[in-house]
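Structural features, examined
Here is what each chain is made of, one letter per residue.
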Number of protein chains: 2
Amino acid sequence: MSLLHSPPGSNAERSRAYNRGLVLGHVRRAGASGRAEIARASGLSTQAVSNIIGELVAEGWLYQAGRRKGGRGQPAATYAIDGKAGVAFGIELRPDAVLCAVIDLDGQTLHTARTAVSRAAPEHVKPLVQTLFDTALAETGTPRARVLGAGVVMPGPFGRTGVSGLSTELPGWDGIDAEALFAEALCLPVTVENDANAAAMFERVSGVATGLSSYAYLYFGTGIGLGLVSDGVLLRGAFGNAGEIGHIPAPYQGTLRPLEEIASRMALTARLRGSGEAAETVADLERLFGERHPAMMAWIEGACPALSHAIHILENIYDPEAVIIGGALPASLLEHLTRTIELPAASISNREDRTRPRLLAGTAGRMTATLGAAALVINQTLTPSLALST
Amino acid sequence: MSLLHSPPGSNAERSRAYNRGLVLGHVRRAGASGRAEIARASGLSTQAVSNIIGELVAEGWLYQAGRRKGGRGQPAATYAIDGKAGVAFGIELRPDAVLCAVIDLDGQTLHTARTAVSRAAPEHVKPLVQTLFDTALAETGTPRARVLGAGVVMPGPFGRTGVSGLSTELPGWDGIDAEALFAEALCLPVTVENDANAAAMFERVSGVATGLSSYAYLYFGTGIGLGLVSDGVLLRGAFGNAGEIGHIPAPYQGTLRPLEEIASRMALTARLRGSGEAAETVADLERLFGERHPAMMAWIEGACPALSHAIHILENIYDPEAVIIGGALPASLLEHLTRTIELPAASISNREDRTRPRLLAGTAGRMTATLGAAALVINQTLTPSLALST
DNA sequence: TTGATAACTCAATTGGTTTGACTTAATCCT
DNA sequence: AGGATTAAGTCAAACCAATTGAGTTATCAA
């Protein structure tokens, strides 16, 4: 019997925290709103919303944005989020570097930094992250109290004990409770996720998935990953390792091969190297795509049917509002892929009443996952759940 | 902008309903439990649990089961669920028949019935279901007040308006709000799902998924369906049509074909018909499998790699605790399939620390979905969520 | 027998929402 | 212009349910 302790019980305080999140989330999604409007949307009484808004204004989260015009009755005083009222700190751990970012409640990027490291062992990383955090606060002029929490992106598989055999790509982190380590180092609530999940959240907080609540996100990191968002919440699977889409078989020249051997940055770089091009950075890839390098175009030709296959599977299994592709590829290339990938016809997503494309290009670039780490925290404050750790 | 109204705000009453569900759920999963134990597991105070238990005992949901022995301190008085305290009514609508079932909180089947119909149009079905409900109550001697709700299984796609093009297999139900219709007819809260989702829930409430909270369920109906359970809750996708796994391409003799053309009852029946066997019922299939009919064995040989492929995909995308296969096939055949399907090695589910098999055989038989319809309701009362309609 | 331990209860307190009566500010209608 | 209507919002009291802290009871261990 798995002794997963059940979600926490509810009491007055937790209700308040939950309802505050509801109000903030509504204002974030719908823009400046009046009390009555929020009350109707949330099922709370106007009085409750009024109390909560009073509190949020006093604490600086909301400010009065204006008044509605037109219509009968007294015009509503509308309130909007002060984006600067809260920020989130994102950390990405890679074998050769530690990246960090700060984004605010609006999803605006306030700060990014990259530090190369020779060893990513916990004892090296911990003080480094503390320094990075202090620097980030100083540079953005953010008081510590305004930091909602920290998100951490690192290669899985994650700590749910004894996943022997599969060891992490990050030396020295096997069996380490990263969440506790960073929570202690930064004195903040910490969320740990893989790159794809984090990047998926960034799209929701400030990218192309704004307004979506159930979607699938294909992330080009080194390999290829998948983030699944359901009702605004990430699916993590039973052991926290959901989204290993790189392993699934995809068609390639008449055979089936793991998707990541066909449609990943790894595969692309290998192919370019084969034709004598060393493409280390996103800028390199952009240039090579710009000049329509034959090896690049050959990779695209192979990747598109494989991605189409993956999308077909995702759509039919998951029925998302959209599938998004993003990550460490140049924007031009992602754009090209969304135009070139042929969407399967035999799909429940192929419906007439769609208002949005089935396939979208997400944020491009090497920092997506780092920004996503911070976005995890923003999303949590705006999409409350009783299971929330904060 | 999708105006999905946000989840309802929390107040004292909703908190209580939620916490009651938490207590009931704990007792259901862990067996007879003491107040303090439940308090620790749920994060509530003993006093809160005490009050809730008092209420639940007064209302007949719980009864005192005994006292713990041994250990220091005062022995805990333990409480257990009275399975008979609540029942759920399940309805399955098919083009040629209406099935119904009653199960109790323990997941025990109290009643099943099948009525052939010539037309399954709403105006015919509604009075029929009312009669079936009354008969079921009378036969099981259940007072109306003990019925927690009704679950309805019917072919999708579901009502989220205007899914033109895709029309339901059930004539006359296009654009009908089945939930409202049955809620009004039976004066009960109603949940509508597809067959695979419902059957998946039956496994959780009384079958092989007891104690699992994240798993994937492959359902053999006419075609093949998928139910995904995540943290005890069904994933429905953005438009309520998640789980259309029958459309995904699977390997068959060197080519890729839709899974349901290879590994479904439809495919099996077609193949048997091709060799002159009319297999209409599960019993027919059982006989043919018992005598190892060549057409049956050929189907199995083709279906196994295709199912293995599907399982590979599910495991790597969802990271479930287990994959379950069940539905309208004979138990012996399902058993055989779980033994014969080769589980992919390149899977995150292929871990050393597993305590449970990766692939399990679920409940077999033609009534699985009907029982699942009822199980939906039982699961809701035992796995509380703030979003709950009740 | 006594002390430690744990489960449980009682009564008061606390936190938060709802309810209902009232005020304010705009448009509509005559 | 002026009253009716409509809607937003406030105030204070009532209400609901969880927590807190002190006290009781039952068992084991020394």
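Being a predicted model, the structure only gives us computed values, none of them experimental.

Observations concerning the overall build of chain A
- Of regular secondary structure, chain A possesses twelve helices and 15 strands.
- On C-alpha atoms alone, chain A measures out to a radius of gyration of 22 Å, which is about the 21 Å that the 2.2 N^0.38 rule sets for 390 residues.
- Counting only C-alpha atoms, chain A reaches 70 × 55 × 50 Å along its principal axes.
- Per-residue burial over chain A gives 55% buried out of 390 residues.
- Taking the contacts inside chain A whose residues are at least 6 apart along the sequence as the reference set, 64% of them involve residues at least 24 apart.
- Taking the 33 positively charged and 37 negatively charged side chains of chain A as two groups, their mean positions are separated by 8 Å.

Details of the protein's contact with DNA strand D
- Not every one of the 26 residues close to DNA strand D is listed here, only the nearest: Gln47 and Ser50 of chain A together with Ser45, Arg72 and Gln74 of chain B.
- Restricting the count to atoms of DNA strand D within 4 Å of the protein gives a sugar and phosphate share of 72%.
- Separating a base nitrogen of DNA strand D from a side-chain N or O atom of glutamine 47 of chain A is a distance of 2.5 Å.
- Side-chain polar atom of glutamine 74 of chain B to a base oxygen of DNA strand D: 2.2 Å apart, as the coordinates give it.

A closer look at the protein's contact with DNA strand C
- The environment of DNA strand C is formed by 28 residues, the closest being Arg72 and Gln74 of chain A together with Gln47, Ser50 and Ala77 of chain B.
- Close to the protein, within 4 Å, the atoms of DNA strand C belong to sugar or phosphate groups at a rate of 71%.
- Interatomic distance of 2.7 Å between a side-chain N/O atom of serine 45 of chain A and a phosphate oxygen of DNA strand C.
- The separation between a phosphate oxygen of DNA strand C and a polar main-chain atom of arginine 35 of chain B is 3.0 Å.

Here's the deal with the interface of chain A and chain B
- Taken together, the contacts link 63 residues of chain A with 63 residues of chain B.
- Interface area for chain A against chain B, summed over the two sides, is near 5,000 Å², with a carbon-plus-sulfur share of 59%.
- Taken as a group, Phe239, Ile317 and Arg351 of chain A account for 13% of the area that chain A buries against chain B, more than any other trio of residues on that side.
- Where chain A touches chain B, the interface holds zero salt bridges.
- Here chain A is connected to chain B by 23 residue pairs in polar contact (both at pLDDT 80 or more).
- Put simply, the parts of the chain that give the side of chain A that touches chain B at least two residues each are helix 1 (12-30), helix 2 (35-42), strand 10 (224-230), strand 12 (249-252) and helix 10 (294-318) of chain A.
- Element by element, the count of residues in the side of chain A that touches chain B is highest for helix 10 of chain A, at seven residues.
- For the side of chain A that touches chain B, the per-class residue count stands at 28 nonpolar, 26 polar and nine charged.

Remarks on helix 4 (residues 122-140) of chain B
All names here are of chain B.
- Between its first and last C-alpha, helix 4 extends 26 Å over 19 residues, near the 27 Å set by a 1.5 Å rise per residue.
- Buried within helix 4 are the following residues: Pro122, Val125, Leu128, Val129, Leu132, Phe133, Ala136 and Leu137.
- Structurally, helix 4 contributes buried residues whose contacts are with strand 4 (87-94), strand 5 (97-104), strand 6 (109-116), strand 7 (147-153) and helix 5 (178-186).

Brief notes about the state of the cysteines
Residue and element names in this part refer to chain A.
- Here the structure, examined in full by the defined rule, presents zero disulfides over all chains.
- No disulfide involves cysteine 187; its sulfur sits 17 Å from that of cysteine 100, the nearest cysteine.
- Among the residues examined, cysteine 187 registers a relative accessible area of 65% and is labelled exposed.

Points about the relation of the copies chain A and chain B
- Overlay of chain A on chain B (RMSD 0.1 Å): rotation 180 degrees, translation along the axis 0.0 Å. Viewed as a symmetry operation, the transformation between the two copies matches a two-fold axis. No C-alpha of chain A lies nearer the rotation axis than that of alanine 12 of chain A, which sits 3.5 Å from it.

A closer look at the nonpolar core
- Ranked by size, the top nonpolar core spans 87 residues in total, and within it Leu218, Ile245 and Ile317 of chain A together with Leu218 and Ile245 of chain B carry the most contacts.
- Leave out the neighbours within four places in its chain, and isoleucine 317 of chain A touches Leu226, Leu228, Ala242, Gly243, Ile245, Ile248, Ile313, Leu314 and Tyr318 of chain B.

Re empty space enclosed by the protein
- Summed over all chains, the structure comprises one cavity of 30 Å³ or more.
- What the largest cavity holds in volume is close to 70 Å³.
- In terms of lining, the largest cavity is formed by Leu235, Gly237 and Ala238 of chain A together with Ser214, Tyr215, Leu228, Val229, Ser230, Leu235, Tyr318, Asp319 and Pro320 of chain B.
- Element by element, the count of residues in the lining of the largest cavity is highest for strand 10 (residues 224-230) of chain B, at three residues.

Brief notes about the environment of leucine 337 of chain A
- Note on placement: leucine 337 of chain A falls in helix 11 (residues 331-340).
- For leucine 337 of chain A, the contacting residues outside a window of four places in its chain are Phe220, Ile300, Cys304, Ile325 and Leu329 of chain A.

Focus: the side chain of histidine 293 of chain B
Residues and elements named next belong to chain B.
- Residue placement: histidine 293 occurs in the loop between helix 9 (282-290) and helix 10 (294-318).
- On the accessibility criterion, histidine 293 (11% relative accessible area) is buried.
- Ignoring anything within four residues of it in the chain, the contact list for histidine 293 reads Leu272, Ser275, Glu277 and Leu288.

Concerning the sheet that holds strand 2 (residues 62-67) of chain A
All names here are of chain A.
- Pairing is antiparallel across the open sheet formed by three strands, whose spatial order is 1-3-2. Two strands close off the open sheet at either side, each with one partner strand: strand 1 (33-34) and strand 2.
- Here strand 1 pairs with strand 3 (residues 77-81) via two bridges, running antiparallel. Residue pairing for strand 3: serine 33 is matched across the bridge by tyrosine 79.
- Contacting strand 1, strand 2 and strand 3, helix 1 crosses the sheet at an angle of about 90 degrees to strand 3.

Considerations on the domain arrangement of chain A
All names here are of chain A.
- Domain boundaries assigned for chain A yield domain 1 (12-81), domain 2 (85-202 + 371-382) and domain 3 (212-365).
- Taking the mean C-alpha position of each, domain 2 and domain 3 sit 25 Å from one another.
- Opposite the 15 residues of domain 2 that make contact, domain 3 presents 19 residues.
- With both chains or domains summed, domain 2 and domain 3 bury close to 1,300 Å², and 51% of this area falls on carbon and sulfur atoms.
- Linking domain 2 to domain 3 there are one salt bridge.
- Linking arginine 236 and glutamate 193 is a salt bridge whose minimum nitrogen-to-oxygen distance equals 2.9 Å.
- Mapped by element, the contributors of at least two residues to the side of domain 2 that touches domain 3 are strand 8 (190-193), helix 6 (195-206) and helix 12 (368-382).
- Residues belonging to the side of domain 2 that touches domain 3 are distributed by class as follows: nine nonpolar, three polar and three charged.

Parameters and conventions
Residues numbered from 1 in each chain as written. Chains lettered and ligands numbered in written order. Predicted model: local features only at pLDDT ≥ 70, side-chain atom pairs only at ≥ 80, totals over all residues. Heavy atoms only, no water. Helix = DSSP H or I, 4+ residues; strand = E, 2+ residues; numbered from the N terminus. Rg over C-alpha atoms; globule rule 2.2 N^0.38 Å. Buried < 20%, exposed > 50% of the residue type's maximum accessible area, 1.4 Å probe, protein only. Contact = heavy atoms within 4.5 Å. Lys, Arg positive; Asp, Glu negative; His and termini not counted. Charge placed at Lys NZ, Arg CZ, Asp CG, Glu CD. Near = heavy atom within 4 Å. Polar contact = N/O pair within 3.5 Å; in protein donor to acceptor, adjacent residues only side chain to side chain. Buried area = accessible area lost by both parts, 1.4 Å probe. Salt bridge = Lys/Arg side-chain N within 4 Å of Asp/Glu carboxyl O. Nonpolar A, V, L, I, M, F, W, Y, C, P; charged D, E, K, R; others polar. Expected span 1.5 Å × (residues − 1). Disulfide = S-S within 2.5 Å. Least-squares fit on C-alpha atoms with pLDDT ≥ 70 in both. Core = buried A, V, L, I, M, F, W, Y, C linked by side-chain atoms within 4.5 Å. 1 Å grid on protein atoms, 1.4 Å probe; cavity = no way out; pocket = protein on both sides within 12 Å on 5 of 7 lines; lining within 4 Å. Points joined across faces, edges and corners; volume = space filled by probe spheres on them. Pairing = 2+ DSSP bridges. Axes fitted to C-alpha atoms, helices over the stretch in contact; angles between N-to-C directions. Domains from an automatic or database assignment.

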